[in-house]
Amino acid sequence: MAESAVRIGLVLPDVLGTYGDSGNAVVLRQRLRWRGVPADVVAIHYGDPVPDCLDVYLLGGGEDEAQALAAGHLREHPGLRRAAARGAVVFGVCAGLQVLGTSFVSGDGKRHEGLGLLDVDTAPGRRRAVGEIVADSGAGPLTGFENHLGVTTVGPGSSPLGRVRTGTGNGDGTDGAVTGHVLATYLHGPALARNPALADLLIGWVTGSPPPDLPLPEVDELRRERLRAARRGARR
Ligand SMILES: NC(=O)CC[C@H](N)C(=O)O
């Protein structure tokens, strides 16, 4: 690992950052620092050029109009696409997932082009998916909160991130998508606070090897509490 700090790009938090998704940047930075790896967050705002030299790029959720603006901005400023092409880690949540895909149709029926970093297409579903979600994944059971209208189809160029146990996710029993080091999910939370194994998967991709264990009893307790809440929600 180079001695220089890991640079975490918080992509358009002013348009993509519902439900505290910007917290994913804080979690990644802190989990790196606790392992002795210096890390900084670089916020890229709407209207800013998008640097292609960062190590990780994080995209959060957003309303339809905001996410259309974000997709337009990121297509016009190709830094994120260039970075992904050289293997930078990209993590998207909800609108972030949809924007990273090939295309998405907003609630008003308008089709928007995405960045094409994931082989997913999104169209409005019949009703909003709102509530706690649990999905089994290679990083263990993931817990989160979802609130979206979009239904996402994963094509052959990506794999689903997880299989939904409680909740909706993509809408076909799966959640999210992964291609190489580009990974996205419908889980808010922030997802990386509620799912430390997912945060450490991304960290391993950035540093080149899985990070050492980090015992944090309060995080384990939060996970147990949220899994119980999701089970209670599923029974209602
Ligand atoms: N929470 C979100 O990011 C919502 C994403 C998108 N606007 C949808 O409703 O599907």
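Residues numbered from 1 in each chain as written. Predicted model: local features only at pLDDT ≥ 70, side-chain atom pairs only at ≥ 80, totals over all residues. Heavy atoms only, no water.

Focus: the overall build of the chain
Link 1 in the chain: Within the chain, the regular secondary structure consists of 7 helices and 12 strands.
Link 2 in the chain: Expected size for 236 residues packed as a compact globule is a radius of gyration near 18 Å; at 16 Å, the chain falls within 12% of this value.
Link 3 in the chain: Along the first, second and third principal axes, the C-alpha atoms of the chain reach 50 × 45 × 30 Å.
Link 4 in the chain: Counting all 236 residues of the chain, 51% fall into the buried class.
Link 5 in the chain: Counted over contacts in the chain with a minimum sequence separation of 6, partners at least 24 positions apart contribute 68%. (Helix = DSSP H or I, 4+ residues; strand = E, 2+ residues; numbered from the N terminus. Rg over C-alpha atoms; globule rule 2.2 N^0.38 Å. Buried < 20%, exposed > 50% of the residue type's maximum accessible area, 1.4 Å probe, protein only. Contact = heavy atoms within 4.5 Å.)

Quick notes on the UniProt feature "active site" (unreviewed entry) in the chain
Link 1 in the chain: Here the UniProt feature "active site" (unreviewed entry) sits at Cys-94 and His-188. Considering the C-alpha atoms alone, the annotated residues occupy 95 residues of sequence yet fold into one spot, their largest mutual distance being 7.6 Å.
Link 2 in the chain: With respect to the secondary-structure elements, Cys-94 resides in the loop between strand S4 (89-93) and helix H4 (95-100).
Link 3 in the chain: One can find His-188 in the loop between strand S12 (182-185) and helix H5 (191-194). (UniProt positions renumbered as here; feature names shortened; annotations may be inferred.)

Re the UniProt feature "domain: CobB/CobQ-like glutamine amidotransferase" (unreviewed entry) in the chain
Link 1 in the chain: Using the residue numbers shown here, the UniProt feature "domain: CobB/CobQ-like glutamine amidotransferase" (unreviewed entry) corresponds to residues 7-195.
Link 2 in the chain: Its end C-alpha atoms 21 Å apart, residues 7-195 is made of 22% helix and 39% strand.

Digging into the environment of His-181
Link 1 in the chain: Looking at where His-181 falls in the secondary structure, it is placed in the loop between strand S11 (177-179) and S12.
Link 2 in the chain: Counting along the chain gives 149 residues from His-181 to Leu-32, while the straight-line C-alpha distance between them is 18 Å.
Link 3 in the chain: Ignoring any residue separated from it by four or fewer positions in sequence, one finds His-181 in contact with Gly-87, Ala-88, Val-89, Val-90 and Trp-205.
Link 4 in the chain: Reaching out from His-181, the side chain makes a polar contact with the backbone oxygen of Gly-87 at a distance of 3.4 Å. (Polar contact = N/O pair within 3.5 Å; in protein donor to acceptor, adjacent residues only side chain to side chain.)

Describing the sheet that holds strand S2 (residues 39-44)
Link 1 in the chain: On the basis of which strands lie adjacent, the open sheet formed by 6 strands has the order S2-S1-S3-S4-S12-S11 and mixed pairing. Every other strand in the sheet has two partners, leaving S2 and S11 as the edge strands with one partner each. Averaged over all pairs of adjacent strands, the angle between their axes in this sheet comes to 15 degrees, without regard to strand direction.
Link 2 in the chain: Here strand S1 (residues 6-11) pairs with strand S3 (residues 56-59) via 4 bridges, running parallel. Looking at the pairing, Ile-8 lines up with Val-56 of S3.
Link 3 in the chain: Relative to S2, helix H1 (residues 23-34) is tilted by about 160 degrees, and along the sheet it contacts S1, S2, S3 and S4.
Link 4 in the chain: Docked against the sheet, helix H6 (residues 196-207) engages S1, S3, S4, S11 and S12, running at close to 155 degrees with respect to S4. (Pairing = 2+ DSSP bridges. Axes fitted to C-alpha atoms, helices over the stretch in contact; angles between N-to-C directions.)

Remarks on the pattern of salt bridges
Link 1 in the chain: As enumerated under the stated definition, the model contains 11 salt bridges in all.
Link 2 in the chain: One salt bridge in this structure joins Asp-136 and Arg-165, with 2.7 Å as the shortest N-O distance. In this pair, Asp-136 sits in strand S7 (residues 120-137) while Arg-165 sits in strand S9 (residues 162-166), placing the two residues 29 residues apart along the sequence.
Link 3 in the chain: For Asp-136, a relative accessible area of 33% corresponds to the partly exposed category.
Link 4 in the chain: Given the relative accessible area of 47%, Arg-165 is considered partly exposed.
Link 5 in the chain: For the salt bridge of Glu-221 with Arg-228, the shortest nitrogen-to-oxygen distance reads 3.7 Å.
Link 6 in the chain: Given a relative accessible area of 35%, Glu-221 falls into the partly exposed group.
Link 7 in the chain: By relative accessible area, Arg-228 is classed as partly exposed at 37%.
Link 8 in the chain: Salt bridges here are not isolated pairs; linked through shared partners, they connect Glu-132, Arg-194, Glu-225 and Arg-226. (Salt bridge = Lys/Arg side-chain N within 4 Å of Asp/Glu carboxyl O.)

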